[in-house]
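So the chains spell out like this:
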Amino acid sequence: MNIQVIYHSQGGNTKKVAETIAQELKVTALPIEQAQDICREPVDLLLIGDGMYFGGMSGGMKRFIDALEPQKIKKAAVFSTSGGSWPMGPAGLKKRLTARTISVLEQSFKCHGSAFGVAFPSHPNETDLNNARKFARSVAESIKEG
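Source: prediction; values computed, not measured.

Student: What is the right way to read unusual backbone geometry from this model?
Tutor: What is expected of a backbone is that most residues other than glycine have negative phi and most peptide bonds are trans. Positive phi, close to 60 degrees, is recorded for Lys26, a residue that is not glycine. Residue placement: Lys26 occurs in the loop between helix H1 (13-25) and strand S2 (29-31). The class for Lys26 is exposed, based on a relative accessible area of 75%.

Here you go:
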C-alpha cells in the first residue's frame, strides 16, 4: 500500500504532528517543498496537513493541492494545527481537495499548536500526538476495509 504524508509547517507544529502520523504508519513525512513529484505514481492514501494561518491554509499548500493529479489519488485524509481559532481547519483542506475531485475520508484531525510563544505554548502535547496516532491508525484501517 502506498501511503504518503505531506505537510506544510511554518512554526514546527504541523511538522511534529505529520512526523507522528508518518511514524505510526511506518512512512516518511515530507514537507510540500520536497513532495512535488511524490504523487506522480498512484497513491492509496494521501495524508495532507497544514497549519491554519489567520483562518486558512498556506499559499504553498493551495498550490500543492492544485497541482495534484486526482486520478492518481485513491483516498485522502487531512489534518491541521492552529494557534488560534480555526474556522476552516481541516475543512478548508478537504474542500480544496474535493473541488479537485479527490475523494477525502470523513475523519480528520486537528489540534492546537504554539503560536508566537503565547497561545497554546505546550501544544501539540503528548495527548495531541497520541490522538494523531489514533487518527493515523483509523484512516489506514478505513482504506483497508474499503
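Student: Even after reading the chapter, I still don't get the sheet that holds strand S3 (residues 43-51), so can you show me in this structure?
Tutor: Pairing is parallel across the open sheet formed by five strands, whose spatial order is S2-S1-S3-S4-S5. The open sheet terminates on both sides in strands that have one partner only, identified here as S2 and strand S5 (104-112). Ignoring which end each strand starts from, the neighbouring axes of this sheet average 20 degrees apart. Pairing analysis gives six bridges linking strand S4 (residues 73-82) to S5, with the strands arranged parallel. Paired with Phe79 across the bridge in S5 is Phe109. Across the sheet, helix H2 (residues 59-67) touches strand S1 (3-8) and S3, and the angle it forms with S3 is around 160 degrees.

Student: I would appreciate a short explanation of the pairing of S1 in the present structure.
Tutor: Consecutive side chains of a regular strand alternate in pointing toward one face of the sheet and then the other. Most of S1 sits inside the fold, with six of its six residues counted as buried. Taking every second residue as pointing to the same face, both faces of S1 are buried, with Ile3, Val5 and Tyr7 on one and Gln4, Ile6 and His8 on the other. Relative to S3, S1 runs parallel, the two sharing six bridges. Across the sheet, residue Val5 finds its bridge partner in S3, namely Leu47. Alignment of S1 against S2, held across three bridges, turns out to be parallel. Counted as the bridge partner of Tyr7 is Pro31 from S2. The β-α-β motif built from S1, the intervening H1 and the parallel element S2 has right-handed crossover chirality.

Student: In this structure, what is going on with H1? I would like to understand it.
Tutor: The α-helix winds at 3.6 residues per turn, so residues separated by three or four positions along the chain end up facing the same way. Across its 13 residues, H1 extends 19 Å between first and last C-alpha, which sits within 8% of the 18 Å expected from 1.5 Å per residue. Where H1 ends, the next residue or the one after it, Lys26, has phi of about 60 degrees, a positive value.

Student: Please clarify how the environment of Arg40 should be interpreted in this entry.
Tutor: Within the secondary structure, Arg40 sits in the loop between S2 and S3. Look at Arg40 and you get partly exposed, because its relative accessible area is 35%. On a C-alpha basis, the gap between Arg40 and Glu69 in space is 7.5 Å, while along the polypeptide they are 29 residues apart. Setting aside its immediate chain neighbours within four residues, Arg40 contacts Ala67, Glu69 and Lys72.

Student: Explain the environment of Lys62 to me, please; I cannot follow it from the model alone.
Tutor: Examined against the element boundaries, Lys62 turns out to sit in helix H2. Once you skip the residues sitting within four places of it in the chain, Lys62 turns out to touch Met57 and Arg96.

Rules used throughout
Residues numbered from 1 in each chain as written. Predicted model: local features only at pLDDT ≥ 70, side-chain atom pairs only at ≥ 80, totals over all residues. Heavy atoms only, no water. Helix = DSSP H or I, 4+ residues; strand = E, 2+ residues; numbered from the N terminus. Buried < 20%, exposed > 50% of the residue type's maximum accessible area, 1.4 Å probe, protein only. Pairing = 2+ DSSP bridges. Axes fitted to C-alpha atoms, helices over the stretch in contact; angles between N-to-C directions. Contact = heavy atoms within 4.5 Å. Right-handed = clockwise from strand over helix to strand, strands pointing away. Expected span 1.5 Å × (residues − 1).

Don't take any of this as a statement about function, it's just geometry.
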